[in-house]
Amino acid sequence: MQLTPLGREKLVQAALGLTSAQAQRVFSKAIVRDGLLNDQDIDLVTEEKKQIIRESQALEFYAASESPADLGGCEVLKDWLRLRERAFSQEARDYGLPSPRGMALIGIPGTGKSLTAKMIGGLWHLPLLRLDVGSLFGSLVGESEQRTRQALQMAETVSPCILWIDEMEKAFATGGLDGGTSTRVFGTILTWMQEKTAPCFVVATANDISSLPPELLRRGRFDEIFFLDLPTLSERREILSVHLRKRQRIIHDFDLDGLSRLSEGYVGAEIEQAIVDAMYIGFNQEREFNSDDISRSLDRQVPLSVSQRERIGALRAWLQEGRAQSASFRESFDAVQQFVPLDIRQP
């Protein structure tokens, strides 16, 4: 056995929710695989939890496959997460630190909110569970509330874990035509977020804050609220490097500086799509794609900074009011000074 003290504790935590026979079997499987039990086997134990997660239709298990290197930019956000990497350990509890409650990620689509949620699972070596709010609702009276309680109880059973609520403005949209069911489900989740004692770290993402109820984003339910803006010049260069490396290309073969300037106003997802489009061009012409192909692909796109200019402006005003922390800059003043202009081109 070659476990570090922290690795031993995380391995035991990863086995929470398994029966003793299941835990013994997965530990044996890890030893048989490489002849020893070490910190690398934490993810194998986490995989075993998939069987438990499948019992709840509203929870979806995500394997920890992303790392901080897969997310371009957002250095302040990454530092915040690294600072809390050991927060679920016994050492932190002995120190008197409470377990982190959660974080909200606010920004326009394509800025890396979902990628951040997946990255946390890989960074902290914790199971990542996505709460499918749509699956909570049933046709029978009281069924939706019961499903909600069961899903939250299941998350607590396999804790410490990360509970990801994607696009929460759609998930928590309340209407008056369902007999108050959506309001009660929303209230159940809010109460659980406030009162939970199990180490379940909630990651909630949202594109539109105008439709979110104010009580959701108040302090006490989240440790921090981060705003993800349009990537800066250096962040766009990093995003280009990430996606080129992911596709096993040599970075020095591309004009990263020129492409970074050309992609001003584009979000990470749009930059990735431009690379994919360029790859199709090169593949069909039976040659390697190049910087010119990427630049032409960028030129054909209409970025969100143009099509959703008003929404981005409203989100930035929200940041300037001090309601959120920039994911890229420690001070709001610096974030405002580095805002990517929204009048890149006319729609």
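Since the model is a prediction, treat every value here as computed from it, not as a measurement.

A. The arrangement of the pattern of salt bridges in detail. Counted under the stated rule, the structure contains 16 salt bridges. The closest approach of N and O atoms between Asp257 and Arg237, which form a salt bridge, is 2.9 Å. Linking Asp257 in helix H12 (residues 256-262) with Arg237 in helix H11 (residues 233-246), this pair joins segments that are 20 residues apart in sequence. Look at Asp257 and you get partly exposed, because its relative accessible area is 42%. For Arg237, a relative accessible area of 37% corresponds to the partly exposed category. Here Arg323 ties to Glu321 by a salt bridge, and the two come within 2.8 Å at their closest N and O atoms. Residue classification places Glu321 among the exposed residues on the basis of a relative accessible area of 51%.

B. Fine view of helix H14 (residues 291-300). When we look at burial in H14, the residues that qualify are Ser291, Asp293, Ile294, Ser295, Ser297 and Leu298. Of the surrounding secondary structure, the elements contacted by the buried residues of H14 are H12 and helix H13 (268-284). Taking the backbone nitrogen of Asp292 as reference, a side-chain oxygen 3.1 Å away marks Asn290 as the first, capping residue of H14.

C. Up close: the packing of helix H5 (residues 75-83) against helix H7 (residues 113-124). Where H5 contacts H7, the two axes come as close as 11 Å, and the packing angle between them is 35 degrees. H5 and H7 meet at a crossing whose hand is right-handed. In this structure, H5 contributes Leu77, Lys78, Leu81 and Arg82 to the contact, and H7 contributes Thr116, Met119, Ile120, Leu123 and Trp124.

D. Seen up close, H11. A rise of 1.5 Å per residue sets the reference length of H11, with its 14 residues, at 20 Å; its end C-alpha atoms lie 20 Å apart and thus fit the reference within 8%. Within the span of H11, buried status applies to Glu235, Arg236, Ile239, Leu240, Ser241, Val242, His243 and Leu244. Taken together, the buried residues of H11 touch H12 and H13. Just past H11, the residue Gln248 takes up positive phi, approximately 60 degrees.

E. Region of the structure containing the nonpolar core. The biggest cluster of nonpolar side chains holds 50 residues, and the ones touching the most others in it are Ile106, Leu129, Leu131 and Met168. The element that contributes the greatest number of residues to this core is helix H10 (residues 181-195), accounting for six residues. One finds Cys74, Leu77, Trp124 and Phe226 within the second-largest nonpolar core, a separate group that totals 23 residues.

F. Region of interest: the sheet that holds strand E3 (residues 128-131). Taken in spatial order, the seven strands make up an open sheet running E1-E3-E4-E5-E2-E6-E7, and their pairing is mixed. Edge positions in the sheet fall to strand E1 (59-62) and strand E7 (325-326), since each of these pairs with one other strand and no more. Strand direction decides the pairing type here: strand E2 (residues 102-107) and strand E6 (residues 224-228), joined by five bridges, are parallel. In the sheet register, Ile106 faces E6, and the bridge partner there is Phe227. Packed on one face of the sheet, H5 meets E2, strand E5 (200-206), E6 and E7 and runs near 170 degrees to E2.

The rules behind these values
- Here the residue index of a chain counts from 1 through its sequence in written order.
- Per-residue local features of the predicted model are confined to residues with pLDDT of at least 70, and side-chain atom pairs are confined, for both listing and counting, to 80 or more; whole-chain, interface and lining totals are unaffected and use all residues.
- The basis for every side-chain value is the complete set of non-hydrogen atoms in the structure, without hydrogens or water.
- Here a salt bridge means any side-chain nitrogen of Lys or Arg lying within 4 Å of a carboxyl oxygen belonging to Asp or Glu.
- Going along the chain from the N terminus, every DSSP run of H or I of four or more residues is numbered as a helix, and every run of E of two or more is numbered as a strand.
- For every residue, the accessible area obtained with a 1.4 Å probe (protein chains only) is divided by the maximum for its type, and the residue is called buried under 20%, exposed over 50%, and partly exposed between those limits.
- Two residues qualify as a contact provided that any one of their heavy atoms is within 4.5 Å of a heavy atom in the partner residue.
- Distance and chemistry together define a polar contact, namely a pair of N or O atoms within 3.5 Å, with one atom able to donate a hydrogen and the other to accept it when in protein, and with adjacent residues in sequence counting only for side-chain atoms on both sides.
- Only the contacting stretch of a helix is used when fitting its axis, a line to C-alpha atoms as for every element, and angles between N-to-C directions run 0 to 180 degrees.
- Left-handed describes a crossing whose near helix is turned anticlockwise from the far helix through less than a right angle; right-handed describes the clockwise counterpart.
- Expected helix span is given by 1.5 Å per residue-to-residue step, counting one fewer step than there are residues.
- Among buried residues, those of type Ala, Val, Leu, Ile, Met, Phe, Trp, Tyr and Cys that are joined through side-chain atoms within 4.5 Å constitute a nonpolar core.
- In this description, strands pair whenever DSSP reports at least two bridges between them.

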